[in-house]
Amino acid sequence: MPKVVYVDHTGEQRVVEAAAGESAMSAAVRNGVPGIIGECGGNISCGTCHVWVRDEFLADVGGPGDMEDDLLDLAVGDRRAGSRLACQIPLTAQLDGIVLDVPPEQVV
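Since this is a predicted model, take the numbers as computed values, not measurements.

Definitions and limits used
Counting starts from 1 at the beginning of each chain's written sequence and moves along it residue by residue. Local features in a predicted model are, by the rule used here, given only for residues with pLDDT of at least 70; side-chain atom pairs are given and counted only at 80 or more, and totals for whole chains, interfaces and linings are based on all residues. Neither water nor hydrogens contribute to the side-chain values; these are computed over all heavy atoms in the structure. Segments assigned H or I by DSSP are reported as helices when at least four residues long, segments assigned E as strands when at least two residues long, and all are numbered from the N terminus. The classification of residues rests on relative accessible area computed with a 1.4 Å probe and restricted to protein chains. Under 20% of the type maximum is buried, over 50% is exposed, and intermediate values are partly exposed. Definition of a polar contact: a pair of N or O atoms within 3.5 Å, with one able to donate and the other able to accept a hydrogen when the atoms are protein atoms, and with sequence-neighbouring residues admitted only if both atoms are side-chain atoms. In what follows, a contact means two residues having at least one pair of non-hydrogen atoms within 4.5 Å. Should a side-chain nitrogen of Lys or Arg be within 4 Å of a carboxyl oxygen of Asp or Glu, the pair is scored as a salt bridge. As used here, the term nonpolar core means buried Ala, Val, Leu, Ile, Met, Phe, Trp, Tyr and Cys residues forming a set that is joined through side-chain atoms within 4.5 Å.

(A) Representation of the side chain of D101 in the model. Along the polypeptide, D101 turns up in strand β5 (residues 98–101). Of the residues examined, D101 reaches a relative accessible area of 15% and is grouped as buried. Here the side chain of D101 touches R54 through a polar contact of 2.6 Å, side chain to side chain. The contacts of D101, once residues within four sequence positions are left out, are V7, V51, W52 and R54.

Here is the structure:
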């Protein structure tokens, strides 16, 4: 089971175990991670699961597709090189320990 580390703007970390193949958004919502809402349920239509992938995981995660890229332009948090929608990050053994920062604007 891959582990995901979600980090908020204060540096607080939440470590979550996810099922292989589960999205980073689904794992966050299931575990109540603040700032990851997933209003659209992972259908690439809302942008409420925007995260910043840490540099050391960027190559393994890859870049966004066209629809995701368009939504990231509308995301609440600042767009960065590591910006992704968590619903589009399938968790695998290779991503075990991935660190995802949650933009402060998303945490209420």
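Next comes the rest of the account.
(B) Looking closely at the pattern of salt bridges. The full count for this structure, using the stated rule, is 6 salt bridges. The residue R84 makes a salt bridge to E68 at a minimum N-O spacing of 2.7 Å. Placement of R84 in strand β4 (residues 83–85) and of E68 in helix α3 (residues 66–72) is noted, with a sequence separation of 16 residues between them. Considered together, R84 and E68 belong to a single accessibility category, that of buried residues. A salt bridge links R79 to D73, with the shortest nitrogen-to-oxygen separation between them at 2.7 Å.

(C) Examining the nonpolar core more closely. Counting 30 residues, the largest nonpolar core has Y6, I36, I89, L91, I98 and L100 as the members making the most contacts within it. Those elements giving two or more residues to this core turn out to be β1 (3–7), α1 (24–30), β3 (50–53), α2 (55–61), α3 and β5. Ignoring sequence-local partners within four residues, the contact set of L100 consists of V4, V5, Y6, V7, A24, V51, W52, V53 and I89.

(D) Focus on the environment of G65. Mapping G65 onto the fold places it in the loop between α2 and α3. With a relative accessible area of 38%, G65 lands in the partly exposed category. Placed 36 residues apart in sequence, G65 and D101 show a C-alpha to C-alpha distance of 20 Å.

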